[in-house]
Amino acid sequence: GDSVTQMEGPVTLSEEAFLTINCTYTATGYPSLFWYVQYPGEGLQLLLKATKADDKGSNKGFEATYRKETTSFHLEKGSVQVSDSAVYFCALKDSSYKLIFGSGTRLLVRP
Amino acid sequence: DVKVTQSSRYLVKRTGEKVFLECVQDMDHENMFWYRQDPGLGLRLIYFSYDVKMKEKGDIPEGYSVSREKKERFSLILESASTNQTSMYLCASSLEYRKEKLFFGSGTQLSVL
């Protein structure tokens, strides 16, 4: 079945460092891809999405590009802030109602 | 903004008890979902509903049931709680035509002793 694999965390960075969180997927067909973020004590919220190959999703300085050839959707940010500390989930959706989530990657940004 | 409200933030129950987790959304969303979140496993779908009185099993429905009598409310029921059901439970909702944009509640941390 379809699945999403994320890099293990936690990822610990200093403020203003460059961030990459790796995400790869396995799916039949051409799924849409998403990044969700969960801030401490809150529910998940949609951060960005891409619906077809080579699309780039972006929001709040974060970016991810849908790479069909490598089945990847890595999350990047050029300069992280302490307020970016959260758990990040990569997800995919095929034609059904279901979103399939990865296991999540915790990001901790130190001042 | 859409609000998804889960009735309890923390809940402690005994093995064998019947447990009800309640979720209410205020934006007339057709779809509602129950996930459980466990460290290292991410989110796993328990049940979802795309209309009142309609429900479908997700990936891990065993030991759970659901009820959707009104559009805004989706309840998760643990018929006889067991210790392996100790987890964070997340409710979510979405519009029919924007299925991928889920709005989540802040979760209920359930401990079964």
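Right above here is the structure, for reference.
Predicted, not measured: the structure shown is a model, and the values here were computed from it.

Reading guide: rules and limits
- Residues numbered from 1 in each chain as written.
- Chains lettered and ligands numbered in written order.
- Predicted model: local features only at pLDDT ≥ 70, side-chain atom pairs only at ≥ 80, totals over all residues.
- Heavy atoms only, no water.
- Phe/Tyr/Trp six-rings, centres within 6.5 Å; stacked < 30°, edge-to-face > 60°.
- Helix = DSSP H or I, 4+ residues; strand = E, 2+ residues; numbered from the N terminus.
- Buried < 20%, exposed > 50% of the residue type's maximum accessible area, 1.4 Å probe, protein only.
- Lys NZ or Arg CZ within 6 Å of the ring centre and 35° of its normal.
- Contact = heavy atoms within 4.5 Å.
- Buried area = accessible area lost by both parts, 1.4 Å probe.
- Salt bridge = Lys/Arg side-chain N within 4 Å of Asp/Glu carboxyl O.
- Polar contact = N/O pair within 3.5 Å; in protein donor to acceptor, adjacent residues only side chain to side chain.
- Pairing = 2+ DSSP bridges.
- 1 Å grid on protein atoms, 1.4 Å probe; cavity = no way out; pocket = protein on both sides within 12 Å on 5 of 7 lines; lining within 4 Å.
- Points joined across faces, edges and corners; volume = space filled by probe spheres on them.
- Nonpolar A, V, L, I, M, F, W, Y, C, P; charged D, E, K, R; others polar.
- Disulfide = S-S within 2.5 Å.
- Axes fitted to C-alpha atoms, helices over the stretch in contact; angles between N-to-C directions.

> I keep staring at the packing of aromatic side chains and nothing clicks. Help me out?
The description of an aromatic ring pair rests on the distance of the ring centres and on the angle between the ring planes. Here the structure, examined in full by the defined rule, presents eleven aromatic pairs over all chains. Between F101 of chain A and Y35 of chain B, the aromatic rings sit 5.5 Å apart at their centres with planes inclined by 90°, giving edge-to-face as the arrangement. On the criterion of chain membership, the pair formed by F101 of chain A in strand β11 (residues 99-101) and Y35 of chain B in strand β5 (residues 31-38) is interchain, its members lying in two chains. The exposure classification of F101 of chain A matches that of Y35 of chain B, with both residues buried. Seen in terms of ring centroids, Y35 of chain B and F104 of chain B are 5.9 Å apart; in terms of plane orientation they differ by 40°. Their pairing is tilted. Here Y35 of chain B, found in strand β5, pairs with F104 of chain B, found in strand β11 (residues 103-104); they are 69 residues apart in sequence, far enough to count as distant. By way of ring pairs, the aromatic residues Y36, F89 and F101 of chain A together with F33, Y35, F48 and F104 of chain B are connected into one cluster. Its end group placed over the ring of Y10 of chain B, R9 of chain B keeps NZ or CZ at 5.4 Å from the ring centre.

> What's the story with the interface of chain A and chain B in this structure? I'm lost.
At the junction of the two partners, chain A supplies 18 residues and chain B supplies 23 residues. Interface area, chain A with chain B, both sides summed: about 1,700 Å², of which 62% is carbon and sulfur. Seen at the junction of chain A and chain B, the total is zero salt bridges. On inspection of chain A and its partner chain B, the count reaches two residue pairs in polar contact (both at pLDDT 80 or more).

> Could you clarify how one ought to interpret the pairing of strand β2 (residues 11-14) of chain A in this entry?
Residues and elements named next belong to chain A. With burial as the criterion, only one face of β2 is covered, namely that bearing V11 and L13; the residues T12 and S14 on the opposite face remain uncovered. Pairing analysis gives four bridges linking β2 to strand β12 (residues 105-110), with the strands arranged parallel. Among the inter-strand pairings, L13 is bridged to a residue of β12, identified as V109.

> Looking at this model, I keep getting lost on the layout of surface pockets. Mind explaining?
A probe matching the size of a water molecule, rolled over the atoms, marks out where space remains unfilled. Here the largest pocket defines a volume of roughly 580 Å³. In this structure, the largest pocket is lined by 27 residues; those nearest its centre are V87, F89 and R106 of chain A together with Q37 and P39 of chain B. Here the lining of the largest pocket gets three residues from one element, more than from any other, and that element is strand β10 (residues 86-93) of chain A. Taken together, the residues of the lining of the largest pocket sort by class into nine nonpolar, 13 polar and five charged. Estimates place the volume of the second largest pocket at around 250 Å³. Contributing to the lining of the second largest pocket are 14 residues, with G43, L44 and Q45 of chain A together with F103 and F104 of chain B lying nearest its centre.

> Looking at this structure, I do not really get the state of the cysteines. What am I missing?
What makes a disulfide is a covalent bond joining the sulfur atoms belonging to two cysteines. Residue and element names in this part refer to chain A. If you walk through the whole model with that rule in mind, you get two disulfides over all chains. What pairs with C23 in a disulfide is C90, and their sulfur atoms sit 2.0 Å apart. Its S-S torsion of approximately -70° makes the covalent link between C23 and C90 left-handed. One end of the pair, C23, is in strand β4 (residues 23-26); the other, C90, is in strand β10, and 67 residues separate them in sequence. Among the residues examined, C23 registers a relative accessible area of 1% and is labelled buried.

> Can you help me understand the sheet that holds strand β7 (residues 56-59) of chain A in this one?
The strands making up a sheet are joined through hydrogen bonds of the backbone, oriented either antiparallel or parallel. Residues and elements named next belong to chain A. The strand order across the open sheet formed by four strands is β3-β9-β8-β7, and the pairing between neighbours is antiparallel. Of all the strands in the sheet, just β3 (19-21) and β7 have a single pairing partner and so form its edges. Taken pair by pair, the neighbouring strands of this sheet meet at an average axis angle of 20°, ignoring direction. Relative to strand β9 (residues 75-77), β3 is paired through three bridges, and the arrangement is antiparallel. Bridged to L19 within β9 is K77.

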